[in-house]
Amino acid sequence: MYERKEKGTLYLVVPCYNEEEVIESSIEKLLDKLSRLVDQGKVTADSKIMFVNDGSKDNTLFLLHAAAKRENRISVLSFSTNFGHQSAILAGMLYSAKYASMVVTIDADLQQDIEALDQFIACYDRGCEIVYGVRNDRHSDSVFKKATASCYYRFLHWLGCSIITNHADYRLMSKKAIQILSQYQEVNLFLRGLVPTLGLPSDVVYFDVKKREAGTSKYTIKKMIHLATNGITSLSVRPLQIITIFGLLTCVFGVGMAIYCLIDWINGNTVPGYTTTLMVTLIMNGMTLLSLGIIGEYLGKLYMEAKKRPRYIVESFIWNGDENEQNGYSC
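The following refers to the structure shown. Everything numeric here is computed off the predicted structure, so don't read it as measured data. (Residues numbered from 1 in each chain as written. Predicted model: local features only at pLDDT ≥ 70, side-chain atom pairs only at ≥ 80, totals over all residues. Heavy atoms only, no water.)

This next bit is on the overall build of the protein. Across its full length, the protein carries 10 helices and 9 strands. For the protein, the proportion of its 331 residues judged to be buried stands at 43%. Considering only intrachain contacts with a sequence separation of at least 6, the fraction spanning at least 24 residues in the protein is 81%. Surface summary for the protein: the accessible area is close to 17,200 Å², and the carbon and sulfur share equals 60%. (Helix = DSSP H or I, 4+ residues; strand = E, 2+ residues; numbered from the N terminus. Buried < 20%, exposed > 50% of the residue type's maximum accessible area, 1.4 Å probe, protein only. Contact = heavy atoms within 4.5 Å. Areas by Shrake-Rupley, 256 points an atom, 1.4 Å probe, with all protein chains shown as cover.)

Quick look at the structure:
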């Protein structure tokens, strides 16, 4: 790594979906933090905040437009509909990389500690191209979420995936890192798994998670399951290898059972085996259906990738208070 001598231009990318209860408070805090970073000489004066409206159905977009008109440090990228948290983050980073030397992604509720930005920038100045924000603990999560998150990260590591435990999407990426990431064309995005595969110099910054000030989390169980499935299927083919191993073991078991039954038949010990037959049938059918489900999940992902649909469609982009309609623009 090499130490950077000049100050960098920072862009904060903030994905938003139905955040009207908290967005004005978040805007105020982010602007204040950005001002302090500029005053302390850590970033350049043309650093900005880019909000990405992910098809919100409430007044989030209206509030963002109003903020952009009164504050030229705010830009607003708006999707035509809801494309998902990962697509919103990617779009914000790709747009910001045109103007910024470093980009930090952070959630709109600001549960991720914005004071950790100083450490992010310090790591960037030391030559890091990627800085991962990792939560110190999960005390703010429910018991169910703690247990499932812990099992999920362990499972991903067992599958051989390069992923940072307890890292969400609070990270810094340099212009260089984002330009390399832009070469990844998959539709099923799982940035937490993709970014570590870049192999660029990186570091970790630990932070505390705060309680949400208002509103509720928009990350439902359904969305979390979808993201988790994307993470597994986009980063590893080991589940398919496991199916092959199960298939071989099942064949060995079947041959063993056939030999055992043949020996019993030769010895005249043929007894109606209703229970055994039922158990073997249920187990075999269950394994078959499970295997078909896993294979189907991978085929479904291939189907989505083969169609090459856009990862997002930008409806409008407000830059320095001037609204430029870009209907139909996609990526």
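Attention shifts here to helix α4 (residues 117–125). Residues of α4 that are buried: L117, D118, F120, I121, C123 and Y124. On its buried face, α4 is in contact with β1 (10–16), α1 (23–39), β4 (102–105), β5 (130–135), β6 (167–174) and β7 (202–207). One or two positions beyond α4, positive phi appears at G127, with a value near 115°.

Two side chains of opposite charge can pair, provided their charged atoms sit close to one another. Tallied over the full model, the rule gives 11 salt bridges. Between D118 and K33 there is a salt bridge whose closest N-O contact spans 2.4 Å. On the criterion of sequence distance, the pair formed by D118 in helix α4 and K33 in helix α1 is long-range, its members being 85 residues apart. Salt bridges sharing common partners tie together D32, K33, R36, K42, E115 and D118. (Salt bridge = Lys/Arg side-chain N within 4 Å of Asp/Glu carboxyl O.)

Quick look at the environment of L156 now. As for its placement among the helices and strands, L156 is situated in helix α5 (residues 143–158). In sequence terms L156 and G193 are 37 residues apart; their C-alpha atoms lie 9.5 Å from each other.

On to the nonpolar core. Within the largest apolar cluster, 39 residues are counted, with the highest numbers of intra-cluster contacts made by L10 and F51. If you tally residues by element for this core, the top one is α1, at 6 residues. Excluding its chain neighbours within four sequence positions, the residues that come into contact with L10 are L34, L37, V43, S47, K48, M102, V104 and I121. Core analysis: the next-biggest nonpolar cluster, separate from the first, contains 32 residues, F79, I89, Y95 and L181 among them. (Core = buried A, V, L, I, M, F, W, Y, C linked by side-chain atoms within 4.5 Å.)

It is worth spelling out a nonpolar patch on the surface at this point. A surface patch of nonpolar side chains, amounting to about 310 Å² of accessible area, comprises I245, F246 and L249. On the secondary structure map, F246 appears in helix α9 (residues 238–266). (Patch = residues over 30% accessible without salt bridge, like charges linked within 9 Å, V, L, I, M, F, W, Y side chains within 5 Å.)

A separate point is the packing of α1 against helix α2 (residues 60–70). Relative to each other, α1 and α2 sit at 30°, their axes nearing to 10 Å. Comparing their axes, α2 and α1 come out roughly parallel. In this structure, α1 meets α2 at a crossing whose hand is right-handed. Every residue of α2 that contacts α1 at I23, E24 and I27 is listed here: L63, L64 and A67. (Axes fitted to C-alpha atoms, helices over the stretch in contact; angles between N-to-C directions. Parallel < 35°, antiparallel > 145°, perpendicular 65-115°, else oblique. Left-handed = near helix turned anticlockwise from the far one by under 90°.)

Here the focus is the environment of P15. Checked against the element boundaries, P15 lands in strand β1. Looking at P15, the relative accessible area reads 9%, which means it is buried. Expressed as a C-alpha distance, the spacing of P15 and I89, which sit 74 residues apart in the sequence, is 6.1 Å. Excluding residues that lie within four positions of it along the chain, P15 makes contacts with V52, H85, A88, I89, I106, D107 and A108.

Turning our eyes to something else, we now look at the side chain of T60. Examined against the element boundaries, T60 turns out to sit in helix α2. In contact with T60, not counting residues within four places along its chain, are C16, N18, E19, E20 and N53.

Read these as spatial facts, not as claims about activity.
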